[in-house]
Amino acid sequence: MPEPYDTPQATAPPGGGAPALAGADTATLAGAPAPAPVVPAGRRGRGRHGGRAAAPHSLWSDAWRDLRRNPVFVVSALVIVFLVLIAIWPQLITDGNPYRGDLSKAQDGPAPGHPFGYDLQGRDVYTRTVYGARASITVGICATAGAALLGSVLGGLAGYYGGWWDALLSRIADVFFGIPILLGGLVFLSVVTSGSVWPVVGFIVLLGWPQISRIARGTVLTATRQDYVQAARALGASDARTLLRHIAPNAVAPVIVVATIALGTYIALEATLSFLGVGLKPPTVSWGIDISSASTQIRNAPHMLLWPAGALSVTVLAFIMLGDAVRDALDPKLR
């Protein structure tokens, strides 16, 4: 009788061949998983069907996949692309002159070839509405780019270095936060004689960077505590390399979200300042200027006010919806 803990002995089958384990469960051996095949070095990195293995997902690839499936993003992006196209090439949808007027047709309603009617000076409202997109889009994009760049640089440096540099920039930002932006525009732009877009852009950048600066500072402060940043510093990476290669790619997402939403706000701010007479000035074509001139005739000729005001509302709404969609896609807490 074999002992309970005896090891099965290998026995050779009749007629020769490889020895088998005596008493082993043949069904168990047959059902055992086969060893993984050795993949040749030349075929590594390929998928099951011979193609390349799927690349690891990143925040940006996941965000882009979510944005393409979001109808809010698709609709708002299409509207913004259309507005940018007509701002660059208004001749695509109109061949009129926004400065040409006929006083005999002042305040007339829609007519063949002039679907939006005429304004106080007999100018085509449709043509002026199309050309008004250029000033608003230019102010919004340039002001957002300037505020985002200035705020990101100052806030990132404050969050990375800390100390007296952080305290100084934080106090400067607090001073600008204490200035009401509308009141500041009335005071600052009232002494500017130029009616172009650049004084308005400069003013918005001057008062808009502190908001983005705080976002950038907080994001960089969080990133500097991460292990990969500490490892880069321990390996001797310079401050510039650490900021540009390790911190900036991981801290830029919140800045993009805030800047996208702020773009619509800046367009509305430009229209408000132009309506009050301190923003853009004639002969610049602007929705705010046309709304201001039509506000006194809203009962006699409401079409003069409704079309530029409607275009302004659609533009601001499109950029705010785009910013909300981008925020939902880039915020990992909402996944």
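Below you will find a few notes about this structure. (Residues numbered from 1 in each chain as written. Predicted model: local features only at pLDDT ≥ 70, side-chain atom pairs only at ≥ 80, totals over all residues. Heavy atoms only, no water.)

A few words now on the overall build of the chain. Of regular secondary structure, the chain possesses 11 helices and 2 strands. Secondary structure elements in the chain, listed N-terminal to C-terminal, are β-β-α-α-α-α-α-α-α-α-α-α-α. Within the chain, the fraction of its 335 residues that count as buried is 36%. When contacts within the chain are restricted to residue pairs at least 6 apart in sequence, those whose partners lie at least 24 apart make up 68%. (Helix = DSSP H or I, 4+ residues; strand = E, 2+ residues; numbered from the N terminus. Buried < 20%, exposed > 50% of the residue type's maximum accessible area, 1.4 Å probe, protein only. Contact = heavy atoms within 4.5 Å.)

Here we come to the nonpolar core. Formed by 34 residues in total, the largest nonpolar core has its most connected members in I137, I267, L312, F319 and L330. Elements that contribute at least two residues to this core include exactly α2 (59–68), α3 (71–88), α4 (125–161), α9 (239–275), α10 (287–294) and α11 (303–330). Listed in part, the 25 residues of the second largest apolar core include A216, A262, L273 and V278. (Core = buried A, V, L, I, M, F, W, Y, C linked by side-chain atoms within 4.5 Å.)

Our focus in this paragraph is the pattern of salt bridges. Following the criterion strictly, the structure yields 7 salt bridges and no others. Close ionic contact of R171 with D174 constitutes a salt bridge, the shortest N to O distance being 2.9 Å. Of this pair, R171 and D174 are both found in helix α5 (residues 163–177), 3 residues apart, which corresponds to roughly one turn of the helix. Across the pair R327 and D324 runs a salt bridge, and its minimum N-O distance is 4.0 Å. With R327 and D324 both in helix α11 and 3 residues apart, this pair spans about one turn of that helix. For R327, a relative accessible area of 36% puts it in the partly exposed group. One network of salt bridges, with partners in common, ties together R171, D174 and R214. (Salt bridge = Lys/Arg side-chain N within 4 Å of Asp/Glu carboxyl O.)

The grouping of V81, F82, L85, I88, W89, L92 and I93 at the surface amounts to a nonpolar patch, some 660 Å² of accessible area in total. F82 sits in the partly exposed class, given a relative accessible area of 44%. (Patch = residues over 30% accessible without salt bridge, like charges linked within 9 Å, V, L, I, M, F, W, Y side chains within 5 Å. Areas by Shrake-Rupley, 256 points an atom, 1.4 Å probe, with all protein chains shown as cover.)

Here the focus is empty space enclosed by the protein. Under the definition given, this model contains 1 cavity of 30 Å³ or more. Its boundaries defined by the atoms lining it, the largest cavity holds a volume of some 70 Å³. Contributing to the lining of the largest cavity are D119, V125, R128, D290, S293, A294 and M304. Counting residues per element, the ones that place at least two in the lining of the largest cavity are α4 and α10. Among the elements that line the lining of the largest cavity, the one with the most residues is α10, at 3 residues. (1 Å grid on protein atoms, 1.4 Å probe; cavity = no way out; pocket = protein on both sides within 12 Å on 5 of 7 lines; lining within 4 Å. Points joined across faces, edges and corners; volume = space filled by probe spheres on them.)

What follows covers the packing of α5 against helix α7 (residues 197–224). Where α5 meets α7, the closest approach of the two axes is 9 Å, and the angle between their N-to-C directions is 135°. Between α5 and α7, the angle is such that the two are oblique. Crossing angle aside, the handedness with which α5 passes α7 is left-handed. Residues D166, S170, I172, A173, D174, F176 and F177 of α5 form the contact with α7, whose own contacting residues are L206, L207, W209, P210, Q211, R214 and R217. In terms of residue class, the contact of α5 with α7 is built from 8 nonpolar, 2 polar and 4 charged. (Axes fitted to C-alpha atoms, helices over the stretch in contact; angles between N-to-C directions. Parallel < 35°, antiparallel > 145°, perpendicular 65-115°, else oblique. Left-handed = near helix turned anticlockwise from the far one by under 90°. Nonpolar A, V, L, I, M, F, W, Y, C, P; charged D, E, K, R; others polar.)

Turning to unusual backbone geometry, a few remarks are in order. Along the chain, P282 connects to P283 via a cis peptide bond; the corresponding omega equals 10°. For P283, the position within the fold is in the loop between α9 and α10.

By the definition in use, this model includes 7 aromatic pairs. Their ring planes at 65° and their centres at 5.8 Å tell us that F176 and W209 sit as a pair that is edge-to-face. Of this pair, F176 sits in helix α5 while W209 sits in helix α7; the two residues are 33 residues apart in sequence, bridging distant segments of the chain. W209 sits in the buried class, given a relative accessible area of 5%. With centroids separated by 5.8 Å and ring planes inclined at 20°, the aromatic side chains of F188 and F203 adopt a geometry described as stacked. Here F188, found in helix α6 (residues 181–189), pairs with F203, found in helix α7; they are 15 residues apart in sequence, far enough to count as distant. Using a relative accessible area of 2% as the deciding quantity, one classes F203 as buried. Taken together, the ring pairs in this structure connect F116, Y126 and W307 into an aromatic cluster. (Phe/Tyr/Trp six-rings, centres within 6.5 Å; stacked < 30°, edge-to-face > 60°.)

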